[in-house]
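Chain by chain, the residues:
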Amino acid sequence: MSKRTVIVSGGMLEKDFVLPILKSEDTEFVIGVDSGLKFLYDNEIKPDYIVGDFDSAPRSLVSYYREELNVPIREFNPVKDASDTEIALRLCLGLNRKEIWILGATGSRIDHLWANVQCLQIALAAGARARIVDSHNQIRLLDQGITLKREETFGKYFSLFPLELPVDGLNITGAKYPLKDHFLKPEDSLCVSNEFAEDEVEISFAFGKVILMETRD
């Protein structure tokens, strides 16, 4: 697996969770997004790129990174057609980054969270693997089946939701609540909070896109 690129956005950033990810040898490239810059500055993490309209980041920080550290910056007008996180994600894809983790994509603003979840489609369409991660949740978008291993799973629970259209031919094996050839509709909450029954869970489907959420309390 290629080393990961980490996007640090301006939502919830828990120091004890985020810093080990940023300082891990598995993290190769860091992009600071708008107010995520303050977290990076406070914890002495130098980003490789900075993106945003900077309507919620101190201008002094932007100037510091530009003038003192010579970090490449892509600055946008606040009146724009995409979120800062989407712009950062598209930058990753333009740089041919294939393993992308998005931190600070969750928090009190559910509208921002949902926009970020939808952005996962952009990476999927480009052949990249992107995920939204915080201390309690890992969110991915799937267009094909997956095997989850108990020893590697992010949390105790996993949930599945259709994105855009129903998911046809959904099968779940190895789980507490198995399914066979199910037609999962967008309004269907059947696949919330499933659990492992065996060491591996197999998820497959014939048509659609599935939001996979792995969660822990």
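Refer to the structure presented above.
How each quantity is defined
Residues numbered from 1 in each chain as written. Predicted model: local features only at pLDDT ≥ 70, side-chain atom pairs only at ≥ 80, totals over all residues. Heavy atoms only, no water. Helix = DSSP H or I, 4+ residues; strand = E, 2+ residues; numbered from the N terminus. Buried < 20%, exposed > 50% of the residue type's maximum accessible area, 1.4 Å probe, protein only. Contact = heavy atoms within 4.5 Å. Axes fitted to C-alpha atoms, helices over the stretch in contact; angles between N-to-C directions. Parallel < 35°, antiparallel > 145°, perpendicular 65-115°, else oblique. Left-handed = near helix turned anticlockwise from the far one by under 90°. Phe/Tyr/Trp six-rings, centres within 6.5 Å; stacked < 30°, edge-to-face > 60°. Core = buried A, V, L, I, M, F, W, Y, C linked by side-chain atoms within 4.5 Å.

Peer 1: How would you explain the environment of Ala 57 if you had to name every residue and give the values?
Peer 2: Within the secondary structure, Ala 57 is located in the loop between strand S3 (49-52) and helix H3 (59-68). Judged by relative accessible area, which is 8%, Ala 57 ranks as buried. Spatially, the C-alpha atoms of Ala 57 and Ser 35 are 4.5 Å apart, while their sequence positions differ by 22 residues. Once you skip the residues sitting within four places of it in the chain, Ala 57 turns out to touch Asp 34 and Ser 35.

Peer 1: Just give me the short version of the packing of helix H4 (residues 84-94) against helix H5 (residues 110-125), but keep the residues and values in it.
Peer 2: It is at 10 Å that the axes of H4 and H5 come closest, and there the two elements cross at 20°. The angle between H4 and H5 places the two elements in the roughly parallel class. Considering how the two elements wind past one another, H4 and H5 form a crossing that is right-handed. Mapping the contact onto sequence places Thr 85, Glu 86, Leu 89, Arg 90 and Leu 93 in H4 and Asn 116, Cys 119, Ile 122 and Ala 123 in H5.

Peer 1: Residues and numbers for the packing of aromatic side chains, please.
Peer 2: Applying the stated criterion across every chain yields a total of 4 aromatic pairs. With a centroid separation of 5.5 Å and an interplanar angle of 85°, the aromatic rings of Tyr 41 and Tyr 64 are classed as edge-to-face. Taken together, the positions of Tyr 41 in helix H2 (residues 36-42) and Tyr 64 in helix H3 put the pair 23 residues apart, joining distant regions of the chain. With centroids separated by 6.1 Å and ring planes inclined at 75°, the aromatic side chains of Phe 158 and Phe 196 adopt a geometry described as edge-to-face.

Peer 1: An account of the nonpolar core is requested, with residue identities and associated values reported.
Peer 2: Ranked by size, the top nonpolar core spans 27 residues in total, and within it Ile 7, Ile 31, Leu 89, Ile 100, Ile 102, Leu 120 and Ile 132 carry the most contacts. When residues of this core are traced back to their parent elements, those giving at least two are strand S2 (27-33), S3, H4, strand S5 (99-103), H5, strand S6 (129-133) and strand S7 (137-142). In terms of residue count, H5 provides more of this core than any other element does, 6 residues in total. Apart from residues no more than four positions distant in its own chain, Ile 31 is found in contact with Thr 5, Val 6, Ile 7, Val 8, Tyr 49, Val 51, Ala 88, Leu 91 and Cys 92. Residues Phe 17, Leu 19, Leu 61 and Phe 154 belong to the second largest nonpolar core, which totals 24 residues.

In short, geometric facts, not functional conclusions.
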